[in-house]
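Letter by letter, the chains look like this.
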Amino acid sequence: MVRCEPARRVAAEASNIERKLAGRDQQLEGTLRITTTDTLLTGVLTNSLADFRRLHPAISLEVVVSNRTLNITRRDADIAIRPTNRPPDTLVGHRLGWIDMAVYGDIEGMAADSSNWVGVDARMGYPALDAWLSSQAGVIGYRVDSMLAMLTAVRSGIGKGVLPCYLAENDVGLVRKGKPIPTLRTELWMLTHPDLRRNARVMALFDFLRKRMQERGDFARLPA
């Protein structure tokens with residue numbers, strides 16, 4: 001293990017140099033690597049990224065769909081768009097809004113007031129939601145490790161589930177029960193490394209998505 005330390009230091013220094021050089025790049029062309037969750041990409045970001053590409057056709061977008069945090073310091077990604085109430089101190093960015101969660105069910109199941117619930121698997125890494133379900137829900141007979149899989153299960157009538165409002169509110173197959181759950185409200189952040197914040201491509205996407213989210217109002221609190 002000791003013999004690996006010099007190699008790690010060299011690799012880290014090389015990453016630092018590469019990142020600093022990338023931060024000085026003022027060209028609106030080249031590649032921009034984004035990491036986000038499958039739910040955000042499906043529910044909000046794909047159409048916005050398509051519009052960004054039409055505006056900046058010389059910028060190629062690479063999207064990494066992952067529910068884990070990639071290492072921006074090592075440039076696994078240039079920009080992360082993620083729900084978090086505690087963005088890392090090592091990154092900088094903008095809060096795009098808040099993600100509300102509420103209970104949804106399929107139309108027939110909600111009418112019958114079914115006691116069956118769809119829950120989250122521990123591998124999903126959402127302890128706050130798991131804790132809420134454990135204290136509030138009835139029978140959890142079906143668990144998944146993806147929010148999109150939960151949406152599909154709820155829509156199919158397997159049981160009620162807690163879903164992001166921006167994803168479920170306009171789904172014609174779903175009905176919301178009650179107000180959003182206050183303890184599950186999460187901030188949505190767009191983040192990058194400080195060395196990259198002056199990169200022209202990073203700045204262009206930051207400005208575009210910040211304006212787009214304000215226009216769309218996807219993450220405004222829902223009415224009662």
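Please read these numbers as outputs of a predicted model, since none were measured by experiment.

(A) Expanded view of the overall build of the chain. Within the chain, the secondary structure is distributed over 7 helices and 10 strands. Long-range contacts, defined as pairs at least 24 residues apart, comprise 78% of the intrachain contacts of the chain with a sequence gap of at least 6. Here the chain has roughly 12,100 Å² of accessible surface; of this, 51% comes from carbon and sulfur atoms.

(B) View of the sheet that holds strand 5 (residues 101–106). With antiparallel pairing, 3 strands are arranged side by side in an open sheet as 8-5-9. Looking at strand neighbours, the two that pair on one side only are strand 8 (161–164) and strand 9 (174–177), the edges of this open sheet. Pairwise comparison of adjacent strand axes, ignoring direction, gives a mean angle of 55° for this sheet. Along the sheet face, helix 5 (residues 147–155) touches strand 5, strand 8 and strand 9 and points at about 125° away from the line of strand 8.

(C) Region of the structure containing the nonpolar core. Counting residues in hydrophobic clusters, the biggest one holds 49 residues, and the most contacted among them are I81, V162 and L163. The element best represented in this core is helix 7 (residues 200–216), accounting for 7 residues. Among all residues touching L163, those that are not within four sequence positions of it are D100, M101, A102, Y104, M147, M150, L151, V154, A168 and L174.

(D) Molecular detail of the pattern of salt bridges. With the rule as written, the count across this model stands at 10 salt bridges. Notably, a salt bridge pairs R212 with D51, separated by 2.9 Å at the nearest N-O pair. Here the residue R212 occupies a position in helix 7, and D51 occupies one in helix 2 (residues 38–55), the gap between them amounting to 161 residues. On the accessibility criterion, R212 (17% relative accessible area) is buried. Between R155 and D171 there is a salt bridge; the shortest N-O distance is 2.7 Å. Taken as a pair, R155 in helix 5 and D171 in the loop between helix 6 (165–168) and strand 9 lie far apart in primary sequence, 16 residues in all. Judged by its relative accessible area of 38%, R155 is partly exposed.

(E) Spatial organisation of the confidence of the model for the chain. Residues of the chain with pLDDT of at least 70 account for 79%, and the chain-wide mean is 83. Scored below 50 in pLDDT, residues 10–14 shows 0 contacts in the model against residues more than four places distant or in partner chains. This model gives residues 17–24 a pLDDT under 50, and the stretch forms 15 contacts once residues within four places in sequence are excluded.

(F) Up close: the pairing of strand 2 (residues 59–65). Where strand 1 (residues 30–36) meets strand 2, 7 bridges bridge the pair, whose relative direction is parallel. Its bridge partner being in strand 2, I34 is matched across the sheet by V63. Crossover strand 1 to strand 2 through helix 2 is right-handed.

(G) Quick peek at the sheet that holds strand 10 (residues 186–192). The strand order across the open sheet formed by 5 strands is 2-1-3-10-4, and the pairing between neighbours is mixed. Of all strands in the sheet, those bounded by a partner on one side alone are strand 2 and strand 4 (92–99). Pairwise comparison of adjacent strand axes, ignoring direction, gives a mean angle of 20° for this sheet. Helix-sheet contacts for helix 2 involve strand 1, strand 2, strand 3 (79–83), strand 4 and strand 10, and the interaxial angle to strand 2 is about 175°.

(H) Region of interest: the side chain of R82. Tracing the sequence through the fold places R82 in strand 3. No salt bridge is formed by the buried R82; the nearest opposite charge belongs to D38, separated by 8.2 Å. Among the polar contacts listed, one links the side chain of R82 to the side chain of T35, at a separation of 2.9 Å.

(I) Here's a closer look at the side chain of D100. Following the sequence through the fold, D100 ends up in the loop between strand 4 and strand 5. Judged by its relative accessible area of 5%, D100 falls in the buried class.

(J) Geometry of the environment of T192. Structurally, T192 is set in strand 10. In this structure the C-alpha to C-alpha distance between T192 and G93, which are 99 residues apart in sequence, comes to 6.1 Å. At 2.7 Å, the side chain of T192 forms a polar contact with the backbone oxygen of D78.

Basis of the calculations
Along each chain, numbering runs from 1 in the same order as the chain's sequence is written. Only residues with pLDDT of 70 or above have their local features reported here, since the model is predicted, and side-chain atom pairs are shown and tallied only from 80 upward, although totals for entire chains, interfaces and linings are computed over all residues. In computing side-chain properties, one takes all heavy atoms of the structure into account and sets aside hydrogens as well as water. To qualify as a helix, a DSSP run of H or I must reach at least 4 residues; to qualify as a strand, a run of E must reach at least 2; elements of each kind are numbered from the N terminus. The contact criterion used is simple: two residues touch if any of their non-hydrogen atoms lie within 4.5 Å. Only the protein chains shown count as cover for residues, with accessible areas throughout obtained via the Shrake-Rupley method and a probe of 1.4 Å. When DSSP locates at least two bridges between a pair of strands, those strands are taken to pair. Every axis corresponds to a line fitted to the C-alpha atoms, with the helix fit spanning only the stretch in contact, and the corresponding angles, defined between N-to-C directions, vary from 0 to 180 degrees. Buried Ala, Val, Leu, Ile, Met, Phe, Trp, Tyr and Cys residues that are joined via side-chain atoms within 4.5 Å together make up what is termed a nonpolar core. To sort residues, take the accessible area from a 1.4 Å probe on protein chains only and compare it with the maximum for the residue type: under 20% means buried, over 50% means exposed, and anything in between is partly exposed. Between Lys or Arg on one side and Asp or Glu on the other, a salt bridge is scored when a side-chain nitrogen of the former is within 4 Å of a carboxyl oxygen of the latter. The predictor attaches a confidence to each residue, and that confidence, scored 0 to 100, is pLDDT. A clockwise path from the first strand over the helix to the second, with the strands pointing away from the viewer, defines a right-handed crossover. The positive count covers Lys and Arg only, the negative count covers Asp and Glu only, and His and the chain ends enter neither. For the purposes of these results, a polar contact is taken to be a pair of N or O atoms within 3.5 Å, where, inside protein, one atom must be able to donate a hydrogen and its partner to accept one; residues adjacent in sequence count only when each atom of the pair is a side-chain atom.

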